[in-house]
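Residue-level listing of the chains:
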Amino acid sequence: MLAVRLRARPARARLRGPVRRFRSAGSGPPVPVRRAHEPKDPMTSSPSTTVADPAQQQVVLPARATSGGPASNQTGPASRLDLFRMALSEEEDPEPFYTKLAERSMAELPFPVCARRVLDLGSGPGYYSRALARSGAEVVAIDLSPPNVHAAAASGLRALLSDGTNLPFADGTFDGVMCSNMLEHTPTPEDIFDEIERVLRPGGWAWVSWTNWYSPWGGHSITPWHYFGPRLGARLYMALFGPPTKNLPYDTLWPTHIGRTLRQLRARKGLRLLDAVPRYYPSQRWIMKVPGLREVVTWNCLLLLERVR
Ligand SMILES: C[S@@+](CC[C@H](N)C(=O)[O-])C[C@H]1O[C@@H](n2cnc3c(N)ncnc32)[C@H](O)[C@@H]1O
């Protein structure tokens, strides 16, 4: 793998998190990048005039490029039953489950992706990016974790190490944003929605899903102890089993509720909520209309959004 070290980009003033840099990995055409001094108004910052300055990024060229992931056998989306079976062994063997889940999500995506510029926000190692690329999208994967960014780049994806609350792109850069299971891993989801709104072109779409806190899987590794609350639940879990393998509450996992998220979105002028459904059983959308119940019965909440024109 060939690495080219280049100059870092200046941090945006309101960035609060620990990550104040970004790096780029992978191949692909240039994507408009917003420089620190640029205005946010899409009328005054045209993506075509703000193409990424390669001198601002650390580029890692992948040794070989492929749009398929290691576990992709290109046989089409798995049934819900198959997915459920794979989910049971997700801890030991995550690759088949997440690859097939991404393929299934792509097959059900109600937006056009072929030849569209799509951001995979919180991409992990790139399951969704690869599925998007196979559908013909021009994908950029963004993640906070260097190993994930390198894993994404190793499969030929264009991948950037970047904070989703401070994206290095000009306003209106993307036709679509995919954001799977990342929202609950950030303390300020409203900042993620700010950035989704900003980087989408008018009429662009966003597909956002996350595991809501009171979901049967809301506590991730400490489930079901999260029902005692994020602090007490974590303490009880640790007293019994030791530190969780990953996702300790208030470290990399924050209680993220459906009602609050929907209220914040409805108050937003720049994003329109098109639909909200339980991701794994979307036919049961009525659940979303029942406050309280929806927080517990929805395993994973899926929101479809449109950037207001
Ligand atoms: C549970 S993984 C989901 C990965 C992938 N989207 C999927 O569904 O398979 C959450 C990912 O979000 C990333 N992440 C968390 N906070 C982030 C942030 N502020 N900006 C970018 N990525 C973030 C983590 O590094 C992690 O890879």
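Quick notes on the rules
Residues numbered from 1 in each chain as written. Predicted model: local features only at pLDDT ≥ 70, side-chain atom pairs only at ≥ 80, totals over all residues. Helix = DSSP H or I, 4+ residues; strand = E, 2+ residues; numbered from the N terminus. Buried ≥ 20, exposed ≤ 12 C-beta atoms within 10 Å, placed from the backbone. Contact = placed C-beta atoms within 7 Å. Expected span 1.5 Å × (residues − 1). Near = placed C-beta within 6 Å. Nonpolar A, V, L, I, M, F, W, Y, C, P; charged D, E, K, R; others polar. Core = buried A, V, L, I, M, F, W, Y, C linked by C-beta atoms within 7 Å. pLDDT = per-residue confidence, 0-100. Pairing = 2+ DSSP bridges. Right-handed = clockwise from strand over helix to strand, strands pointing away.

### Some words on the overall build of the protein chain
Broken down by element type, the protein chain carries eight helices and 10 strands. Within the protein chain, buried positions represent 43% of all 309 residues. Sequence separation of 24 or more characterises 66% of the internal contacts of the protein chain that already satisfy a separation of 6 or more.

### Thoughts on helix H2 (residues 94–108)
Spanning 15 residues, H2 covers 21 Å between terminal C-alpha atoms, matching the ideal 21 Å at 1.5 Å per step. Here H2 has its buried residues at Phe97, Tyr98, Thr99, Lys100, Leu101, Ala102, Glu103, Ser105 and Met106.

### Observations regarding the site of the ligand
Neighbouring the ligand are 19 residues; Gly122, Gly124, Ser145, Gly164 and Ser180 lie closest to it. Here the residues of the shell around the ligand are counted per class, giving six nonpolar, 11 polar and two charged.

### Structural notes on the nonpolar core
In this structure, Leu132, Val177, Cys179 and Ala206 are the most contacted members of the largest nonpolar core, which totals 57 residues. Examining the composition of this core, we find that six residues originate from one element, strand S8 (residues 200–210), more than from any other. With near-sequence residues (within four places) excluded, Ala206 lies in contact with Gly176, Val177, Cys179, Ile196, Leu200 and Leu305.

### Quick notes on the confidence of the model for the protein chain
Per-chain confidence: the protein chain averages 81 in pLDDT, with 75% of residues scoring 70 or above. Across residues 36–73, confidence stays below pLDDT 50; counting only partners more than four residues off in sequence or on other chains, it has 88 contacts.

### Description of helix H5 (residues 189–199)
Restricting attention to buried positions, one finds in H5 the residues Pro189, Ile192, Phe193, Glu195, Ile196, Glu197 and Val199. Residues of H5 that are buried in the fold lie against strand S4 (117–121), strand S7 (174–180), S8, helix H7 (258–266), strand S9 (271–278) and strand S10 (301–307).

### Digging into unusual backbone geometry
In this structure, the amide linkage connecting Thr223 to the following residue, Pro224, adopts the cis form with an omega of 5°. Tracing the sequence through the fold places Pro224 in the loop between S8 and helix H6 (230–241). For Ala115, which is not a glycine, the phi torsion comes out positive at approximately 65°. Looking at the element boundaries, Ala115 is found in the loop between H2 and S4. The phi torsion at Asn247 lies on the positive side, around 65°, for a residue other than glycine. Within the element layout of this structure, Asn247 appears in the loop between H6 and H7.

### Quick notes on the pairing of S7
Taken residue by residue, a regular strand's side chains alternate between the two faces of the sheet. Taken across its seven residues, S7 has seven buried, putting it largely inside the fold. The sheet contact formed by S4 and S7 spans three bridges and is parallel. By the bridge assignment, Leu119 is partnered in S7 with Val177. Strand direction decides the pairing type here: S7 and S8, joined by six bridges, are parallel. Considered in S8, the bridge of Val177 is made with Ala206. Considered for its hand, the β-α-β crossover made up of S7, H5 and S8 is right-handed.

### A few points about the environment of Glu138
Mapped onto the secondary structure, Glu138 falls in strand S5 (residues 138–143). Overall, Glu138 belongs to the partly exposed group, with 18 C-beta atoms counted inside 10 Å. Expressed as a C-alpha distance, the spacing of Glu138 and Cys114, which sit 24 residues apart in the sequence, is 7.9 Å.

### Looking at the environment of His220
Structurally, His220 is set in the loop between S8 and H6. Considered as a pair, His220 and Pro244 are 24 residues apart in the sequence and their alpha carbons are 9.3 Å apart. Sequence-distant contacts of His220, defined by excluding residues within four places in its chain, comprise Asn247 and Leu253.

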